[in-house]
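One-letter residues, chain by chain:
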Amino acid sequence: MFPQGVSCYDCAHPRPGILDIAPYVGGKSSSAGATRVIKLSSNEGALGPSPKAIEALQKSATRLHRYPDGGSDILRAKLAEKYGLEFDQIVCGAGSDELITLLIRAYAGPGDEVLYSQHGFLMYPIAAKGVGAVPVTAAETNMTASVDSILAAVTDKTKIVFVANPNNPTGTYITSAEVARLRDGLREDILLVVDAAYAEFMTGQEDYTAGAELVAKGDNTVMTRTFSKIYGLGGIRLGWCYAPPAIADVLQRLRNPFNVGLPSQEAGVAALEDDDFVNACVRHNSETREWFREEINKLSGLKAHPSYGNFVMVEFPMAEGKNADAANEFMMARGVIPRKIGAYGLPQMLRISIGTQEEMQICLQTIKDFIAN
């Protein structure tokens, strides 16, 4: 309702299409009436934050009155050293989400098309609509991005192609050879963004790379990364990208001043030095994820799909009372919070993040109780 004497014609109007955007909704964090909450809805770090990052955050508290380094130079230098990258081609942001949004703001506009795979990250269409661009999906094969489908969906209006690799929520990936084939098949004026948020979990897959080599080989490929997953730092919003020099320059011009806070920068630097913690997280995730998948696949009517991230997508029967919606309601009542992914076109699935071993045992028992109910 408008105040008396004021009509909608007296108010500022957003650009066409803005009100058509469905806001991004993160995983739930609470469950009414539950005595204990086990949050498995947001792919957060099972073992918590890096201890070295916690120490760095605590030390930064006495300097919170100071503005941070606007260029995140120390963090960028640490990233360059760790991954063998060029310092000037690294851009840091408030999560990789900010960098995705900046790339779309910079390289797409009204009527342009932003292309991504069928079950890709919801921020791609949200950010595209925010600039008046048209989000376009390409069909997947077995819930895996298809290079042939993506190339077939390219039109004269295509400006950006996003590939999440591995993909959330499906947990699938495409090989480095396939990503290279995609790049080779795109026009030179189309920006390819390889979203490698879960790259650190890709251990043992020799046919996978995060995409930095493609950035080095051309002028129109960007790799995005995050500290939210393996480093357990989702709460401080820290991400980065590796881009060709011209694109990195554009992003540096477009980003907000001081877009990465002082505590976030210092926690990021410390986390990059915490190899023991990262290795422990990788081992825990791999072992617990595969154990959980095997146990779920023993249950009648359920399927835990293969995953290369820190989550598992569980498929439920379509029958009323036994479907994913019913399972979600049952689990929530027990304080176990999964993620419904109907918004990704997967209404029969629940995505379940990998937590501690105890949390996953409780989750498994809850699912067993649901089936027996």
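Quick summary incoming for the structure in this document.

The tally for this structure, following the rule as stated, stands at 19 salt bridges. Note that R63 is salt-bridged to E266, the shortest N-O span being 2.8 Å. Of this pair, R63 sits in the loop between α1 (51-60) and α2 (73-83) while E266 is found in helix α9 (residues 262-272), placing the two residues 203 residues apart along the sequence. Note on R63: relative accessible area 31%, which makes it partly exposed. You can call E266 partly exposed: its relative accessible area is 26%. Residues R76 and D73 are paired through a salt bridge, measuring 2.9 Å at the closest nitrogen-oxygen approach.

The next thing to look at is the sheet that holds strand β3 (residues 113-117). With mixed pairing, the 7 strands of this open sheet are ordered in space as β2-β8-β7-β6-β5-β3-β4. Among the strands making up the open sheet, the edge pair consists of β2 (90-93) and β4 (134-138). Here the strands of the sheet are splayed against their neighbours by 20° on average, with no regard to which way each runs. Relative to strand β8 (residues 239-242), β2 runs antiparallel, the two sharing 4 bridges. From the neighbouring strand, G93 faces β8, where its bridge partner is G239. Against the sheet, helix α8 (residues 245-254) contacts β2, β6 (191-195), β7 (221-226) and β8, and its axis sits at roughly 30° relative to β2.

As a further point, take the state of the cysteines. Inspection of every chain in the model, using the stated rule, returns 0 disulfides. We note that C241 lacks a disulfide partner, and the nearest cysteine sulfur, in C92, lies 8.3 Å from it. Accessibility expressed as a relative area gives 0% for C241, which makes it buried. C363 takes part in no disulfide bond, and the closest cysteine sulfur, belonging to C281, lies 19 Å away.

Our next topic: the sheet that holds strand β9 (residues 303-304). Overall, antiparallel pairing links the 4 strands, which are arranged β9-β10-β13-β12 in an open sheet. A strand with exactly one partner marks an edge of an open sheet, and here the two such strands are β9 and β12 (339-340). By the bridge criterion, 5 bridges tie strand β10 (residues 311-315) to strand β13 (residues 349-353) in an arrangement that is antiparallel. Considered in β13, the bridge of V312 is made with I352. Helix-sheet contacts for helix α10 (residues 275-297) involve β9, β10 and β13, and the interaxial angle to β10 is about 10°. Contacting β12 and β13, helix α11 (residues 324-333) crosses the sheet at an angle of about 40° to β13.

Moving on, we come to the packing of aromatic side chains. By the definition in use, this model includes 14 aromatic pairs. Ring geometry for Y198 versus F201: centroids 6.4 Å apart, planes at 35°, classification tilted. With respect to class, Y198 is no different from F201; both count as buried. An aromatic cluster of three or more residues is present, and its members are Y24, Y116, F121, Y124 and F162. When the ring centre of Y83 is taken as origin, the NZ or CZ atom of R225, which lies over that ring, is 5.1 Å away. Positioned above the aromatic ring of F370, the side-chain terminus of K322 is 5.2 Å from the ring centre.

Calculation notes
- Residues numbered from 1 in each chain as written.
- Predicted model: local features only at pLDDT ≥ 70, side-chain atom pairs only at ≥ 80, totals over all residues.
- Heavy atoms only, no water.
- Salt bridge = Lys/Arg side-chain N within 4 Å of Asp/Glu carboxyl O.
- Helix = DSSP H or I, 4+ residues; strand = E, 2+ residues; numbered from the N terminus.
- Buried < 20%, exposed > 50% of the residue type's maximum accessible area, 1.4 Å probe, protein only.
- Pairing = 2+ DSSP bridges.
- Axes fitted to C-alpha atoms, helices over the stretch in contact; angles between N-to-C directions.
- Contact = heavy atoms within 4.5 Å.
- Disulfide = S-S within 2.5 Å.
- Phe/Tyr/Trp six-rings, centres within 6.5 Å; stacked < 30°, edge-to-face > 60°.
- Lys NZ or Arg CZ within 6 Å of the ring centre and 35° of its normal.

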